[in-house]
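What the coordinates show
Below are the chains, spelled out letter by letter.
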Amino acid sequence: MKGYVHSQESFGTVDGPGIRYVVFLQGCPMRCLYCHNPDTWSLNTGNQLETDEILAAYEKNRPYYRNGGLTVTGGEPLMQIDFVTELFEKAKALDIHTCLDTSGITYRPDNQDYIRRLDRLMKATDLVLLDIKHIDPAEHQKLTGQPNEGILAFARYLSDKKIPVWIRHVAVPGITDKPEYLYRLGYFIGELTNIRALDVLPYHTLGLPKYKNLGIDYPLKDTPAMDKSRALSLRAEVIRGLRKRREELGYYNRS
């Protein structure tokens, strides 16, 4: 099977545990105001590669990935779910750790065919990096152009399936960094039983040159980058909400 691939990175250190081979797929329905990969939005563009070609590239440097593995990101990788499934199933047969970096925007709980295909993918997925853009429905719509109900339902699906998850959240000044929103995010993820890590990432402006080259206006051009220390303090507010929810659920009283 062939997929539309934007690019590949042979030495990824921020896309899951350890050193990883990272595959960026084409296509994304989200239009996040701070997106730093606008060149991955379009569907059915980029290089068409077979799953075996990707795995062959991985094998060339396999010793470097001893404590890492393979990560598929985007764009939105679930836009090419069947391609990712074939890639991950072949990777697992080769004892490669698999990681899916997704926003969960494609989740359709009422579509039985989609759920069947997603269930199959999850059987070959060791870890999901779930990027929750905004916890507030109205603010999420303004930030991404898409609703967040399906994304939150996807998070619950992963919890029910006991798929390990790292939560990621980008802290954008004036948009996602309000204590109220961060607390609500933590309160939500506090009900999930599969969370392995929480990253609150500081907003950066590294994508600006891409917008210029593509002739696209960057919506947040007047928004300053956030200091890493500020992001760490905001993470504490998410943890506060998480702990509150888990206290209510009796999480800390379980043996």
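About the criteria used
- Residues numbered from 1 in each chain as written.
- Predicted model: local features only at pLDDT ≥ 70, side-chain atom pairs only at ≥ 80, totals over all residues.
- Heavy atoms only, no water.
- Pairing = 2+ DSSP bridges.
- Helix = DSSP H or I, 4+ residues; strand = E, 2+ residues; numbered from the N terminus.
- Axes fitted to C-alpha atoms, helices over the stretch in contact; angles between N-to-C directions.
- Contact = heavy atoms within 4.5 Å.
- Phe/Tyr/Trp six-rings, centres within 6.5 Å; stacked < 30°, edge-to-face > 60°.
- Buried < 20%, exposed > 50% of the residue type's maximum accessible area, 1.4 Å probe, protein only.
- Parallel < 35°, antiparallel > 145°, perpendicular 65-115°, else oblique.
- Left-handed = near helix turned anticlockwise from the far one by under 90°.
- Nonpolar A, V, L, I, M, F, W, Y, C, P; charged D, E, K, R; others polar.
- Core = buried A, V, L, I, M, F, W, Y, C linked by side-chain atoms within 4.5 Å.
- Salt bridge = Lys/Arg side-chain N within 4 Å of Asp/Glu carboxyl O.

1. Re the sheet that holds strand β4 (residues 69–73)
- Read from one edge of the open sheet, eight strands run β3-β1-β2-β4-β5-β6-β7-β8, paired in mixed fashion. Of all the strands in the sheet, the pair left with one neighbour each is β3 (47–50) and β8 (195–202). Strand-to-strand, the axes of this sheet are offset by a mean angle of 30°, without reference to chain direction.
- Helix α5 (residues 149–161) contacts β5 (98–102), β6 (127–131) and β7 (165–171) of the sheet and is inclined by roughly 160° relative to β6.

2. Some points on the packing of aromatic side chains
- Counting across every chain of the model gives ten aromatic pairs.
- Plain terms: the ring middles of Tyr107 and Tyr157 are 5.4 Å apart, the flat faces sit at 45° to each other, and that makes the pair tilted. Taken together, the residues span a long stretch of sequence, with Tyr107 in the loop between β5 and α3 (112–123) and Tyr157 in helix α5 at a distance of 50 residues. Each member of the pair, Tyr107 as well as Tyr157, carries the same accessibility label: buried.

3. Things to note about the packing of helix α2 (residues 81–93) against α3
- The N-to-C vectors of α2 and α3 enclose an angle of 25°; their axes lie 9 Å apart at closest approach. Taken together, the axes of α2 and α3 lie roughly parallel to each other. Along this stretch, α2 crosses α3, giving a crossing that reads as left-handed. Residues Ile81, Asp82, Val84, Thr85, Phe88 and Glu89 of α2 lie in contact with α3, whose contacting residues are Tyr114, Arg117, Leu118, Arg120 and Leu121.
- For the contact of α2 with α3, the per-class residue count stands at six nonpolar, one polar and four charged.

4. Details of the packing of α3 against α5
- It is at 12 Å that the axes of α3 and α5 come closest, and there the two elements cross at 55°. With respect to α5, the axis of α3 lies oblique. Judged by the twist between their axes, the crossing of α3 over α5 is right-handed. Residues Leu118, Asp119 and Met122 of α3 pack against Phe154, Tyr157, Leu158 and Lys161 of α5.
- Within the contact of α3 with α5, the residues separate by chemical class into five nonpolar, no polar and two charged.

5. Describing the nonpolar core
- Counting 55 residues, the largest nonpolar core has Leu70, Phe88, Leu118, Met122, Leu130, Leu158 and Ile189 as the members making the most contacts within it.
- If one sorts the elements of this core by residue count, α2 sits on top with six residues.
- When residues no more than four places from it in sequence are discounted, the contact partners of Leu158 are Met122, Val128, Leu130, Ile163, Val165 and Asn194.
- The next biggest cluster of nonpolar side chains, apart from the first, holds 16 residues, and it includes Cys35, Trp41, Val170 and Tyr203.

6. Observations regarding the pattern of salt bridges
- Evaluated as defined, the whole model comprises 20 salt bridges.
- Note that Glu86 is salt-bridged to Lys90, the shortest N-O span being 3.4 Å. Here Glu86 pairs with Lys90, and both are found in helix α2, just four residues apart, close to one helical turn.
- Using a relative accessible area of 19% as the deciding quantity, one classes Glu86 as buried.
- Judged by relative accessible area, which is 28%, Lys90 ranks as partly exposed.
- In this structure, Glu139 engages Lys142 in a salt bridge whose closest nitrogen and oxygen atoms are separated by 2.9 Å. Of this pair, Glu139 and Lys142 both sit in helix α4 (residues 137–144), three residues apart, roughly one helical turn.
- Each of Asp82, Asp113, Arg116 and Arg117 takes part in one network of salt bridges that share partners.

Coordinates in, geometry out; function isn't part of it.
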